[in-house]
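For reference, the chains in residue letters:
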Amino acid sequence: MTDSFDPSAGNQTNAAEFTVSEISGSLKRMVEDTFGHVRVRGEISGYRGPHSSGHSYFSLKDDRAKIDAISWKGVAGRLKHLPEEGLEVIATGKLTTYPGKSSYQIVIDNIEPAGAGALMALLEARKKQLAAEGLFAEERKQLLPYMPQSIGVITSPTGAVIRDVLHRLNDRFPLHVMVWPVRVQGETCGPEVANAIQGFNSLPEEGAMRRPDLIIVARGGGSLEDLWGFNDEIVVRAAADSHIPLISAVGHETDWTLIDYAADQRAPTPTGAAEMAVPVKAELKAYVGDLSARLSGAISRRLERSRTSLQAAGRAVSSPERVLEIPRQRLDQISMRHQRGLQALVER
């Protein structure tokens, strides 16, 4: 016996019926409960900067898939590394769904480059961009003052760096030093250093709190991640725009950051920056003393030569007595003739 299909019977089934919102909510809960907070590695794609709302929308992708990503306004301002197109990152956040598009996405809490290679690639790209704008050009750089009256130091108020700088300045040439405390590591490092550079430049040229003649930006050595704040674009721009000559002393001699290229002078160490900033007072006093002695000797020799020349000239000229001998004799003869003539006149 063969079964036949009866259209009039309808499409009867025991499957449960859901609304769209019910399915969407159920999927949302399942995704969030199953995954919660995750770390996702991928390349940033479609990033065009923050939206007018302050939120950032982009995607994370690899060679086979893509996932939408969002960074809320309040979180974006606290990110240590901001999203950049093409950068490979490890994003930490909460996996969820967006019912309006029937899609899933990651709400990002933190972004970090995927290893030192990604940081180096980002650093090189940023360096090329800023160099193309002329921020590293030699003609922008200022000469350091030979003997500044005051120096502004931007660094951490605690630790060995500030002690080394102050100790070396005091040994070489004691002078007025102003310290602008900043964090030299972490997500707020870049904005704080840039604000300090701009703050020193905004001080008046005269007064009790006058503008320093020289700025030193200093930090001890560290890894690429530790020094990353000094590669921040706002730090580079602040250093390039500084009207006060600036010495960059970040890390050790082998450590290079972007502020080094924008600074007027790069020092291999913070101690080296102090040595560049001022001469040695004892050596300067000895040099001035030597110049004073040489000047006194030159004046003495010049006076002696003048005295000798005058004496030689005097010997070549006749004395006043010899010059007046003949005129005196002529005067006596004339006087005698006049006297005889007067007597003869009286006798006649």
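Structure: above.
Here's a quick rundown of the structure.

Cut-offs used in this document
- Here the residue index of a chain counts from 1 through its sequence in written order.
- Where local features are concerned, this predicted model is filtered to residues with pLDDT of at least 70; where side-chain atom pairs are given and counted, the filter is 80 or more; whole-chain, interface and lining totals use all residues.
- Hydrogens and water molecules were not included; the side-chain quantities draw on all heavy atoms of the structure.
- Every patch collects residues that have over 30% relative accessible area and no salt bridge, joining them within 9 Å if they carry like charges and within 5 Å if they are nonpolar side chains (Val, Leu, Ile, Met, Phe, Trp, Tyr).
- The Shrake-Rupley method, run with a 1.4 Å probe sphere, supplies the accessible areas, and residue values consider only the shown protein chains as cover.
- For salt bridges, the criterion is a side-chain nitrogen of Lys or Arg within 4 Å of an Asp or Glu carboxyl oxygen.
- In DSSP terms, a helix is any run of H or I states spanning at least four residues, a strand is any run of E spanning at least two, and both are numbered starting from the N terminus.
- Fitting a line to C-alpha atoms yields each axis, with helices limited to the stretch in contact; the angle taken between N-to-C directions then spans 0 to 180 degrees.
- Small angles under 35 degrees read as roughly parallel and large ones over 145 as roughly antiparallel, with 65 to 115 read as roughly perpendicular and the rest as oblique.
- Here a crossing is called left-handed whenever its near helix is offset anticlockwise from the far helix by less than a right angle, and right-handed whenever the offset is clockwise.
- Only heavy atoms matter for contacts: two residues are in contact if any of them lie within 4.5 Å across the pair.
- Charged residues are taken to be Asp, Glu, Lys and Arg, nonpolar residues to be Ala, Val, Leu, Ile, Met, Phe, Trp, Tyr, Cys and Pro, and polar residues to be all remaining types, Gly included.
- Pairing of aromatic rings covers Phe, Tyr and the six-membered ring of Trp, with a centre-to-centre limit of 6.5 Å; geometry is then stacked below 30 degrees between planes, edge-to-face above 60, and tilted otherwise.
- Here's how the labels work: a residue is buried when its accessible area is under 20% of the maximum for its type, exposed when over 50%, partly exposed in between, all with a 1.4 Å probe on protein chains only.
- In this text, buried Ala, Val, Leu, Ile, Met, Phe, Trp, Tyr and Cys residues form a nonpolar core when linked through side-chain atoms within 4.5 Å.
- Each pair of strands is called paired provided DSSP finds at least two bridges between the two strands.
- The handedness of a crossover follows from its direction of travel: if, with the strands pointing away from the viewer, the path from the first strand over the helix to the second runs clockwise, the crossover is right-handed.

### Digging into a nonpolar patch on the surface
Taken together, the side chains of Phe18, Ile23, Leu27 and Met30 present a nonpolar region at the surface, about 400 Å² in accessible area. Among the structural elements, Phe18 can be located in the segment before helix 1 (20-35).

### Section: the packing of helix 4 (residues 160-172) against helix 8 (residues 270-277)
Packing of helix 4 against helix 8 brings their axes to within 8 Å, and their N-to-C directions diverge by 30°. Considering the angle they form, helix 4 stands roughly parallel to helix 8. The hand of the helix 4/helix 8 crossing is right-handed. Across the interface between the two elements, Val161, Asp164, Val165, Arg168, Leu169 and Arg172 of helix 4 pack against Pro270, Thr271, Ala274, Glu275 and Ala277 of helix 8. Within the contact of helix 4 with helix 8, the residues separate by chemical class into six nonpolar, one polar and four charged.

### A few points about the packing of aromatic side chains
Summed over all chains, the structure comprises four aromatic pairs. Centre to centre, the rings of Tyr47 and Phe58 are 5.8 Å apart; their planes meet at 85°, and the pair counts as edge-to-face. With Tyr47 in the loop between strand 1 (37-45) and strand 2 (56-61) and Phe58 in strand 2, this residue pair connects regions lying eleven residues apart in the sequence. A relative accessible area of 5% means that Phe58 is categorised as buried. For the pair Phe136 and Tyr261, a centre-to-centre distance of 5.5 Å together with 35° between the ring planes defines the contact as tilted. Taken together, the positions of Phe136 in the loop between helix 3 (116-132) and strand 6 (150-155) and Tyr261 in helix 7 (residues 258-262) put the pair 125 residues apart, joining distant regions of the chain. Given the relative accessible area of 13%, Phe136 is considered buried. Taken together, the ring pairs in this structure connect Phe136, Trp256 and Tyr261 into an aromatic cluster.

### Topic: the nonpolar core
Formed by 52 residues in total, the largest nonpolar core has its most connected members in Leu60, Ile154, Val193 and Val217. Broken down by element, this core gets its largest block of residues, six residues, from helix 5 (residues 189-202). Not counting chain neighbours up to four residues away, the residues in contact with Val193 comprise Ile154, Val182, Arg183, Val217, Phe230 and Val235. The next biggest cluster of nonpolar side chains, apart from the first, holds 18 residues, and it includes Val165, Ala218, Ile247 and Ala273.

### Points about the side chain of Thr257
One can find Thr257 in the loop between strand 9 (246-250) and helix 7. Taking relative accessible area as the criterion, Thr257 reaches 2% and is therefore assigned buried. The contacts of Thr257, once residues within four sequence positions are left out, are Leu227, Phe230, Asn231 and Val250.

### A look at the pairing of strand 7 (residues 176-181)
Bridge count for strand 6 against strand 7 is six bridges, and the pairing is parallel. From the neighbouring strand, Ser150 faces strand 7, where its bridge partner is His176. For the handedness criterion, the β-α-β arrangement of strand 6, helix 4 and strand 7 is classed as right-handed.

### Looking at the sheet that holds strand 1
Taken together, the five strands give a closed barrel; going around it, the order is 1-2-3-5-4, and neighbouring strands pair in mixed fashion. Each strand axis lies, on average, 55° off the axis of its neighbour in the sheet, ignoring direction. Relative to strand 3 (residues 66-71), strand 2 runs antiparallel, the two being bridged by six bridges. Bridging from a neighbouring strand, Leu60 pairs with Ile67 of strand 3. Contacts from helix 1 reach strand 1 and strand 4 (88-98) within the one sheet, and its direction differs from that of strand 4 by about 145°.

### Focus on the pairing of strand 5 (residues 103-113)
One ladder, built from three bridges, connects strand 3 with strand 5; its direction is parallel. The partner of Ile70 across the bridge, within strand 5, is Val107. Where strand 4 meets strand 5, ten bridges bridge the pair, whose relative direction is antiparallel. Paired with Ala91 across the two strands is Ile111, which belongs to strand 5.

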